[in-house]
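A closer look at the structure
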Amino acid sequence: MPTTTSGFFLQCASRGTLELLLPAADAPFGVEHHRREDASGPWRHVATFASGLGPVEAVSLIQSNFGDPGHLEAVARIGDRLAAFWCAPSSEPSWTEPRFFADGAAGDPALIQGGFGGKGNFELVVPHAGGGIAHYHRDNDTAELGWRGPVIFGEGLGRFEAVAMIQRVAGAPPGPHAPGDLEVVARVGDRLVMFRRSPGSGAAWHGPEEVVSGVRGAPALVRSTIGGPGTLELFSPLARVGLARWCRDDGAPGARFRGPTVFATDLGRCEAVSVIESWPLGRIELAVRAEGRIVHATRDGAVWSQRAIVGNASPSPADVPSPATLPPPATTTNRPPAATTSRPPAATTNRPPAATTSRPPAATTNRPPPSTSSPPPAPLPTGASPRLRAGPHRAGFRRIGALSLSADACYPDTWPFQGAIYRCPARSAALLYYPASADGEEAPLSPGGPFPVIAIAHERRLATSAATTGSPAGLAQDYRQLAGVMAHLARWGFVVVAPDLSWLTPDDAPLRRAAVLRDALTHLRAGSRGPLLADFARVGLLGHGLGAQAALALALDAACPFDVRALALLAPAGAPERALSIDALAPRPVLVVRGTADPIAAAVPAALYDRARAPKHLVTLPGANHFGYTTSLGLAEPLDGHAGLSRREQQAIAMGYLAAFFNGYLRDARGDLDALSGKASLEGLEAREIPVSAELPDGAAGS
């Protein structure tokens, strides 16, 4: 039966062998043909063809109904040109010379033999250099077997990078006499979109239909026999590491893809995937191009296993970092640059001593010492906002209105406190910010994910608190307090979620708050787009005021299902003697930010910092009060102190240090930690005196 699924990997219908084509990585280049004769045998190299044509960028492979048994047919892209090849699937295959038939190609091609025409036409789609997707077909009912096209579609979306194609079955029995629609999944940026076309001559392409985002590389489609009418399965490399699978009921009108299921993260950064359903076991098998090699993987039921490594693939391993050293997306631009022009010399008093004892170094300031050749920079005018550098992303946001609460987060029934009765809601709410390609609600996800995730526990105010003009009257909106901080972190490449904690009593033990914080992360991970948005192996926590105790409680919870790697406490409040043992947090880092005009937190930040173990950082903001960090909430006197900084100044300075802390410890951007150790200034704060204390593990000071 001719191949109606595109890819570079197939099972020969007549022989049962697995056949694989991949571009040769080194001169004289060409295309390597690998084969596996049986399920327990090794892969072996059986031929190389198209040598001497220069580097082959990509290749697509099918088995046609020409010959007996059917020929193996391939289309390869060399530069921007497309060439066709074929061979009989003999034990030692001999491929033909190239037959060039098109130019202007700019990505991975997808070839199938469709059901239109007596013999069944070859159908091919490929990203076009001028934008959109080019569709060619070969009329196999003519003697010359000439290719026709291109028909360009999808050009309004710009330039595509990769495509996958399949032909649906429109009736029984399946085959060339019952052709269904051609379906194409194409990648533009980090998005996959779908186009459809009826198989008749001159039919138009319809689309695009948005499918998923947060992907990279070349995707694959297969119609598996799972379920009654079959299931359409979509596989794609994720933007960071590993693969994801989505599925759709192929017989249901208007059905959409469900998923993702994320797997193969141990392969590192994947470039392309090809998929088949092998027989006689009906097993899904993959060929994955990852880290300069081809990996053969299979799925038996719900279990994935790696079967073999097949040769090398372009790009070479030297061009692709290994999983252990894989850098985060845009590491070199995704952090505030070290202020090299304002960095104090190594021998100045602005550099903290190496932490060789358990006593924290004396507080330092981040103002560079005056130069002998020029006067120190003038202080910023009062009320002027620091010009901190914005991140490379925009900030999208989403409201979560049906957050399920676990049993340990809820009150048993009602809970009296200071004359009021508290009840837990049936469903809670949360606010989510994420890196996006535009600002605004439900904005498209920015490329480069999944991103590190930060969960925020907000401060709690009393119902009798007096609020300044413009602040929300209802306490149930308090989870929006740090929306400005959340947006700033999203622009620096973090997914940030803040659940509503307002229904909990102000002096409640931190464990319930910690449970709600955990529930928010669980809700995010369980969502269809959660694994594409957030990297749950790199989790940070941020707590403000009473929320700091909740963040600390979750970080210390041995049963927490998330890998909490860093903790930031913003004006932590509460009774210091009731605080959890923060010293048990080590060796995970902690940042404490306090203000000198904060009567609510008072001595709590310093007490927590003193009890914490290295690595730890303390930033003291002169003139900052307790609620000045909040974007949408301001308390009137006398509940909060009179700030010596404007709200915009206080928020901007805190945002800068928080971004540097999480960038440093969740992304290993160690240069960002210089500003948290007194060795450098944050960009925009060169003229300000910001006392910074730090204690790092032995031998790590200044790293």
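Residues numbered from 1 in each chain as written. Predicted model: local features only at pLDDT ≥ 70, side-chain atom pairs only at ≥ 80, totals over all residues. Heavy atoms only, no water.

1. As for the pairing of strand E31 (residues 495-499)
Successive residues of a regular strand alternate their side chains across the two faces of the sheet. Note the cut-off: Burial classes follow relative accessibility: with a 1.4 Å probe on protein chains only, a residue under 20% of its type's maximum area counts as buried, one over 50% as exposed, and anything between as partly exposed. Strands here mean DSSP runs of E at least two residues long; helices mean DSSP runs of H or I at least four residues long; both are numbered from the N terminus. What makes two strands pair is DSSP finding at least two bridges between them.
Burial analysis of E31 places five of its five residues in the buried class, which makes it a mostly covered element. Side chains Val495, Val497 and Pro499 project from E31 onto one buried face, and the interleaved Val496 and Ala498 project onto a second face that is buried too. Bridge count between strand E28 (residues 428-436) and E31: four bridges; the pairing is antiparallel. Paired with Leu432 across the strands is Val497, a residue of E31. Note that strand E30 (residues 451-457) and E31 share three bridges and pair parallel. Paired with Val453 across the bridge in E31 is Val495.

2. Overview of the sheet that holds strand E6 (residues 72-78)
Rule in force here: To get an axis, a line is fitted to the C-alpha atoms, and for a helix only the part in contact is used. The angle between two axes follows their N-to-C directions and goes from 0 to 180 degrees.
Here we have four strands laid out as an open sheet, ordered E5-E6-E7-E8, and antiparallel in their pairing. Strand pairing shows two members of the sheet lacking a second neighbour, strand E5 (58-63) and strand E8 (99-102), which therefore form its edges. When the angles between neighbouring strand axes are averaged without regard to direction, this sheet yields 25°. Direction of pairing for E6 relative to strand E7 (residues 81-87): antiparallel, over a ladder of seven bridges. Bridged to Arg77 within E7 is Leu82.

3. Description of the pattern of salt bridges
Using the following cut-off: For salt bridges, the criterion is a side-chain nitrogen of Lys or Arg within 4 Å of an Asp or Glu carboxyl oxygen.
Under the counting rule described, the total for this entry stands at 25 salt bridges. Put simply, Arg394 and Asp439 hold a salt bridge, and the shortest N to O gap is 3.9 Å. Placement of the pair is Arg394 in strand E25 (residues 394-403) and Asp439 in the loop between E28 and strand E29 (440-441), with a sequence separation of 45 residues. Owing to a relative accessible area of 41%, Asp439 belongs among the partly exposed residues under this scheme.

4. Concerning the sheet that holds strand E1 (residues 9-11)
Within the open sheet, the four strands sit side by side as E1-E2-E3-E4. Their pairing is antiparallel. The open sheet has two edge strands with one neighbour each: E1 and strand E4 (43-49). Strand after strand, the sheet turns through a mean of 20° between neighbouring axes, direction not considered. Sheet topology note: the E1/strand E2 (residues 18-23) ladder contains three bridges and is antiparallel. Along E2, the bridge assignment pairs Gln11 with Leu18.

5. Observations regarding the side chain of Thr3
For the record, the criterion: We define a polar contact as two N or O atoms separated by no more than 3.5 Å, with the added condition that, inside protein, one atom must be a possible hydrogen donor and the other a possible acceptor, whereas residues neighbouring each other in sequence contribute only through side-chain atom pairs. Two residues form a contact once any of their heavy atoms are found within 4.5 Å.
If you trace the backbone, Thr3 turns up in the segment before E1. The exposure class assigned to Thr3 is buried, which follows from its relative accessible area of 15%. One polar contact links the side chain of Thr3 to the main-chain amide nitrogen of Gln63, over a distance of 2.9 Å. In contact with Thr3, not counting residues within four places along its chain, are Leu10, Ile62, Gln63, Ile112 and Gln113.

6. Some points on the environment of Asp181
Inspection of the secondary structure assignment puts Asp181 in strand E14 (residues 179-188). Note: C-alpha distance between Asp181 and Arg196 (15 residues apart in sequence) is 6.4 Å. Beyond its immediate chain neighbours, meaning those up to four positions away, Asp181 contacts Ile166, Gln167, Arg168, Arg197, Ser198 and Pro199.

7. Remarks on helix H5 (residues 604-611)
Where we set the bar: Working definition: the arc comes from the directions between the helix axis and the C-beta atoms, pointing outward to the latter.
Turning to H5, its buried residues are Val604, Pro605, Leu608 and Tyr609. For H5, the buried positions fall inside an angular range of 130° around the axis, keeping them on one side. Contacts from the buried residues of H5 go to strand E33 (564-570), strand E34 (590-595), strand E35 (616-621) and strand E36 (692-695).

8. Brief notes about the side chain of Ser60
Structurally, the position occupied by Ser60 is in strand E5. A polar side-chain atom of Ser60 sits 3.1 Å from the main-chain amide nitrogen of Leu111. Among residues more than four places away in sequence, those in contact with Ser60 are Ser6, Gly7, Glu73, Ala74, Val75, Pro109, Ala110 and Leu111.

9. With respect to the pairing of E4
As judged from the six bridges shared by strand E3 (residues 31-36) and E4, these two strands associate in the antiparallel manner. Along E4, the bridge assignment pairs Val31 with Phe49. Here E3 folds back onto E4 in antiparallel fashion, the turn holding six residues.

10. Things to note about the nonpolar core
For clarity, the cut-off: For this analysis, a nonpolar core means a set of buried residues of the types Ala, Val, Leu, Ile, Met, Phe, Trp, Tyr and Cys, connected via side-chain atoms within 4.5 Å.
In this structure, Val495 and Leu541 are the most contacted members of the largest nonpolar core, which totals 53 residues. Core analysis: the second largest hydrophobic core is formed by 51 residues, Val485, Leu542, Ala601 and Leu658 among them.

11. Thoughts on the packing of helix H2 (residues 510-526) against helix H4 (residues 547-556)
For clarity, the threshold we go by: Should an angle fall under 35 degrees it is taken as roughly parallel, and over 145 as roughly antiparallel, whereas 65 to 115 is taken as roughly perpendicular and any remaining angle as oblique. For a crossing to be left-handed, the near helix must be turned anticlockwise from the far one by less than a right angle; the clockwise case is right-handed. Residue polarity is assigned by list, with Asp, Glu, Lys and Arg as charged and Ala, Val, Leu, Ile, Met, Phe, Trp, Tyr, Cys and Pro as nonpolar; anything else, Gly included, falls into the polar class.
The N-to-C vectors of H2 and H4 enclose an angle of 70°; their axes lie 8 Å apart at closest approach. By the angle between their directions, the pair H2 and H4 is classed as roughly perpendicular. With respect to the hand of their crossing, H2 and H4 are arranged in right-handed fashion. Residues Pro510, Leu511, Arg513, Ala514, Leu517, Arg518 and Leu521 of H2 form the contact with H4, whose participating residues are Gln549, Ala550, Ala551, Ala553 and Leu554. In terms of residue class, the contact of H2 with H4 is built from nine nonpolar, one polar and two charged.

12. Regarding the confidence of the model for the protein
Spelled out, the test is: The pLDDT score gives, residue by residue, the confidence of the prediction method on a 0 to 100 scale.
In the predicted model, the protein carries a mean pLDDT of 80, and the fraction of residues at 70 or more is 78%. Contacts of residues 172-177 to residues separated by more than four positions or lying in other chains number three contacts, the stretch itself having pLDDT below 50. Low confidence marks residues 314-385, where pLDDT is under 50. Its contacts with residues over four positions away, or in another chain, come to 135 contacts.

13. Quick notes on unusual backbone geometry
Going from Asp68 to Pro69, the amide bond is cis rather than trans, its omega being 5°. With respect to the element layout, Pro69 can be found in the loop between E5 and E6. The omega angle of the peptide bond from Gly259 to Pro260 is 10°, so this bond is cis rather than trans. Note on placement: Pro260 falls in strand E20 (residues 258-263). Unusually for a residue other than glycine, Ala264 sits at a positive phi of about 60°. Tracing the chain through its elements places Ala264 in the loop between E20 and strand E21 (270-278). Take Ala264: its relative accessible area is 16%, and that puts it in the buried class.

14. Some thoughts on the packing of aromatic side chains
The test is simple: Think of it this way: a Phe, Tyr or Trp ring, Trp meaning its six-membered ring, pairs with another when their centres are within 6.5 Å, and the plane angle makes it stacked under 30 degrees, edge-to-face over 60, tilted otherwise. Charge-over-ring contacts are defined here by two conditions on Lys NZ or Arg CZ: a distance within 6 Å of the ring centre and an angle within 35 degrees of the ring normal.
This model, assessed by the stated rule, comprises 16 aromatic pairs. Geometrically, the ring pair formed by Phe9 and Trp43 is tilted, given 6.2 Å between the ring centres and 45° between the ring planes. Placement of the pair is Phe9 in strand E1 and Trp43 in strand E4, with a sequence separation of 34 residues. What makes Phe9 buried here is its relative accessible area of 3%. Ring centres of Phe153 and Trp205 lie 4.3 Å apart, and the angle between their planes is 10°; on these two criteria the pair is classed as stacked. Taken together, the positions of Phe153 in strand E12 (residues 147-153) and Trp205 in strand E16 (residues 205-213) put the pair 52 residues apart, joining distant regions of the chain. As far as burial versus exposure is concerned, Phe153 and Trp205 are alike and both buried. Put simply, the rings of Phe66, Phe101, Phe122, Tyr136 and Trp147 touch in pairs and so form one group of aromatic residues. Positioned over the ring face of Phe66 is Arg138, at 5.5 Å from the centre of the ring. The ring centre of Tyr609 lies 4.4 Å from the NZ or CZ of Lys616, which sits over that ring.

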